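Overview (structure and organization)
Each chain is listed here by its residues.
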Amino acid sequence: MASVTSKTPMLRAAAARGYAAHAQAAAASRGSAEVQTTTLPNKLVVASAEANAPVSRISIVYRAGSRNETADNLGASHVLRAAGGLSTKTATAFGITRNIQQAGGSLTTAADRQTVSYTVAVTKDQLEVGLKYLEATATGQVFKPWELADLTPVIRNELARVPAEVQAVELLHKAAFRCGLGNSIFCPDYLVGKHSSETMQHYFAANCTTNRAAVAGIGVDHQLLVGFAQSLGLDSGAGSENQSSFNTGEVRRDGAGSRAAVAVGAQAVGWTSLKEAMAFWVLQYAAGVGPATKRGANNGALTKALGNVNCSSLYNSYTDNGLFGFIVSGDAKEAGKAVEAGVKALKSLSVNDADVARGKAAAVGLVAEYTENHSTLLAQLAEEAVLAGQVFKKSDLIAAVNAVTASDVQAAARKVASSKLAIGAVGNLAHVPHLCDLH
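Under the annotation held in an unreviewed UniProt entry, the protein carries the name Ubiquinol-cytochrome c reductase complex core protein and is attributed to Anopheles darlingi.

This is the structure in structure tokens:
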């Protein structure tokens, strides 16, 4: 059977789909590398950059991450992520796979605590194919019961491959936030295969609405992207996010073996307060994120106190809250000693001017690297557009990092030192102290 990709009338039917009205403006803006943002009347945000990129990458992203789950649908965001590419109202799973492959593109789904995103990457001459199946996948899922049943071994396989360090961070979130941000991005073991078609349809309808969505693109004309966004068949809705407050506590999961992974966190700020968030970000790199060179030593203000274990400082920021701390993994006895030393270092955390300068240099380097890669740049645009309603240029981010002063970072360190702690631990925990034993 011949592929139907060459027969797709999507862009040829531009007038009917809302593209033609933007043709003149599209020609005028073609070639612009500036970040552009448009908010449609239905509250859907459209963001684009690098119109001349050789490969077109487009994402439809929703505020539908695991923080939006309730006790009745825990794990729904994981199932939603796994269900990307299954049959929709207008295309079968086979049709999506065959036609995207025939176009030489890729269609992926990703999810975290706050967002679920659908992304297609195709060459420019196959853009209409990519947009057609991106729209079908991101807006028209039907969650057929037999296809959801087929996802059960897929999800179990994903859960079996989650590294111990990631498990520890997930348990840390559970201890610190309990619900909302405390919901894991992974489906609980006991709920695998238990999500019905009705549950998934309700979760999608409640969270994947125009006011909770954004469309982001790299290598595509902005006005064309606006026309595509206007044509999406999404419902509007009020929607709300589960608010999460920081709590002290610990969650431990004992396991076999001789290794342990432990994540320790204190309360930090969310990135809606950009200046404070940048100070915590610089503090993370000043505190240390592991050796900077092969076989190097942990020389961060925090990590040098943790000993000879795999370790890194940790800063997870969300719209309304955040975590700052450290994660260690290794031999159970060494990990236990590292946790004790790390908590003492965290409670007396301080940085000097040299630490701040090193942290700022590392943060600026990461911004430059992140924005030069089109895949990570797209992820940044999509996340900022859907969560903040605006996007930041590379120059703005670098300027924000450079504007951080030593006193800003020291203030962040003092906030961490005075905060109560939460702990998540997994593995052989015989030698890992409990939270009540740490002072």
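Read on for the rest.
**Details of the overall build of the protein**
A tally of helices and strands in the protein yields 16 helices and 11 strands. A principal-axis box enclosing the C-alpha atoms of the protein has dimensions of 65 × 50 × 40 Å. Look at the contacts in the protein between residues 6 or more apart in sequence, and 80% of them connect residues 24 or more apart. Total accessible area on the protein stands at roughly 18800 Å², and carbon and sulfur atoms take up 52% of it. Considering the protein, the positive charge centre built from 39 side chains and the negative charge centre built from 34 side chains are found 1 Å apart.

**Focus on helix 14 (residues 374–388)**
With 15 residues, helix 14 should reach 21 Å at 1.5 Å per residue; the first-to-last C-alpha distance of 20 Å fits that figure. For helix 14, the complete set of buried residues consists of L377, L378, Q380, L381, A382, E384, A385, V386 and L387. Of the surrounding secondary structure, the elements contacted by the buried residues of helix 14 are strand 2 (45–49), strand 3 (55–62), strand 5 (116–123), strand 6 (213–218), helix 13 (353–372) and helix 15 (394–402). Following helix 14 by one or two positions, G389 has its phi on the positive side, about 75°.

**Observations concerning the nonpolar core**
Proteins that are soluble and globular tend to have nonpolar side chains buried together. Counting residues in each nonpolar core, the largest one holds 70 residues, and the members touching the most others are V264, F280, L283, F324, V328 and L346. By residue number, the principal contributor to this core is helix 11 (residues 274–287), which donates 10 residues. There are two domains that each give this core at least three residues, and those are domain 1 (36–231) and domain 2 (249–437). When residues no more than four places from it in sequence are discounted, the contact partners of V264 are L172, F324, G325, F326, V339, V343, L346, L421, A422 and I423. L151, L191, A213 and V226 belong to the second-largest nonpolar core, a separate cluster that totals 53 residues.

**Focus: the pattern of salt bridges**
Under the defined criterion, the tally for this structure stands at 6 salt bridges. With a shortest N-O distance of 3.2 Å, R358 and D355 are connected by a salt bridge. Taken together, the positions of R358 and D355, both in helix 13 and 3 residues apart, correspond to about one turn of that helix. Owing to a relative accessible area of 11%, D355 belongs among the buried residues under this scheme.

**Here we look at the packing of helix 11 against helix 16 (residues 406–418)**
The N-to-C vectors of helix 11 and helix 16 enclose an angle of 80°; their axes lie 8 Å apart at closest approach. Classified by the angle their axes make, helix 11 and helix 16 are roughly perpendicular. Facing K275, E276, A279, F280, V282 and L283 of helix 11, the residues of helix 16 in contact are D408, V409, A412, A413, K415 and V416. Its residues assigned to classes, the contact of helix 11 with helix 16 shows 8 nonpolar, no polar and 4 charged.

**Considerations on unusual backbone geometry**
Of note in this structure, F143 is not a glycine but carries a positive phi near 50°. Topologically, F143 is positioned in the loop between helix 5 (127–139) and helix 6 (145–150). One non-glycine residue with positive phi stands out, namely R178, at about 65°. With respect to the helices and strands, the residue R178 is situated in the loop between helix 8 (164–177) and helix 9 (197–207).

**Here's the deal with the sheet that holds strand 11 (residues 421–427)**
Reading across the sheet, the 5 strands line up as 7-11-8-10-9 and stay open at both edges, with mixed pairing between neighbours. Looking along the sheet, the strands with just one partner apiece sit at the ends: strand 7 (249–254) and strand 9 (310–317). When strand polarity is set aside, the average angle formed by the axes of neighbouring strands in this sheet is 15°. Alignment of strand 8 (residues 259–268) against strand 10 (residues 322–331), held across 10 bridges, turns out to be antiparallel. By the bridge assignment, V262 is partnered in strand 10 with V328. With respect to the sheet, helix 12 (residues 332–347) is in contact with strand 8, strand 10 and strand 11, its orientation differing from that of strand 10 by roughly 155°.

**Considering the sheet that holds strand 6**
Across the sheet, which stays open at both edges, the 6 strands sit in the order 1-2-6-3-5-4 with mixed pairing between neighbours. Edge positions in the sheet fall to strand 1 (36–39) and strand 4 (106–111), since each of these pairs with one other strand and no more. Averaged over all pairs of adjacent strands, the angle between strand axes in this sheet comes to 15°, irrespective of strand direction. Bridge count for strand 4 against strand 5 is 6 bridges, and the pairing is antiparallel. Each residue of the ladder has a partner; that of A111, found in strand 5, is V116. Each of strand 3, strand 4 and strand 5 is contacted by helix 5, which is oriented at about 165° to strand 5, the strand it contacts most.

**Some remarks on the side chain of R212**
Counting through the fold element by element, R212 comes out in the loop between helix 9 and strand 6. The buried category is assigned to R212, whose relative accessible area is 1%. Within the structure, the side chain of R212 is placed 3.2 Å from the backbone oxygen of N207, a separation counted as a polar contact.

**Details of the UniProt feature "domain: Peptidase M16 N-terminal" (unreviewed entry) in the protein**
The residues that UniProt annotates with the feature "domain: Peptidase M16 N-terminal" (unreviewed entry) are residues 46–189. The span residues 46–189 carries 41% helix and 18% strand; its end-to-end C-alpha distance comes to 37 Å.

**Digging into the pairing of strand 3**
Of all the 8 residues making up strand 3, 7 are buried; the element is thus mostly covered by neighbouring parts of the structure. Where strand 3 and strand 5 come together, 8 bridges link them in antiparallel fashion. Within strand 5, the residue paired with S56 across the bridge is V122. Pairing of strand 3 with strand 6, which is carried by 6 bridges, proceeds in the antiparallel orientation.

The rules we used
Residues numbered from 1 in each chain as written. Predicted model: local features only at pLDDT ≥ 70, side-chain atom pairs only at ≥ 80, totals over all residues. Heavy atoms only, no water. Helix = DSSP H or I, 4+ residues; strand = E, 2+ residues; numbered from the N terminus. Contact = heavy atoms within 4.5 Å. Areas by Shrake-Rupley, 256 points an atom, 1.4 Å probe, with all protein chains shown as cover. Lys, Arg positive; Asp, Glu negative; His and termini not counted. Charge placed at Lys NZ, Arg CZ, Asp CG, Glu CD. Expected span 1.5 Å × (residues − 1). Buried < 20%, exposed > 50% of the residue type's maximum accessible area, 1.4 Å probe, protein only. Core = buried A, V, L, I, M, F, W, Y, C linked by side-chain atoms within 4.5 Å. Domains from an automatic or database assignment. Salt bridge = Lys/Arg side-chain N within 4 Å of Asp/Glu carboxyl O. Axes fitted to C-alpha atoms, helices over the stretch in contact; angles between N-to-C directions. Parallel < 35°, antiparallel > 145°, perpendicular 65-115°, else oblique. Nonpolar A, V, L, I, M, F, W, Y, C, P; charged D, E, K, R; others polar. Pairing = 2+ DSSP bridges. Polar contact = N/O pair within 3.5 Å; in protein donor to acceptor, adjacent residues only side chain to side chain. UniProt positions renumbered as here; feature names shortened; annotations may be inferred.

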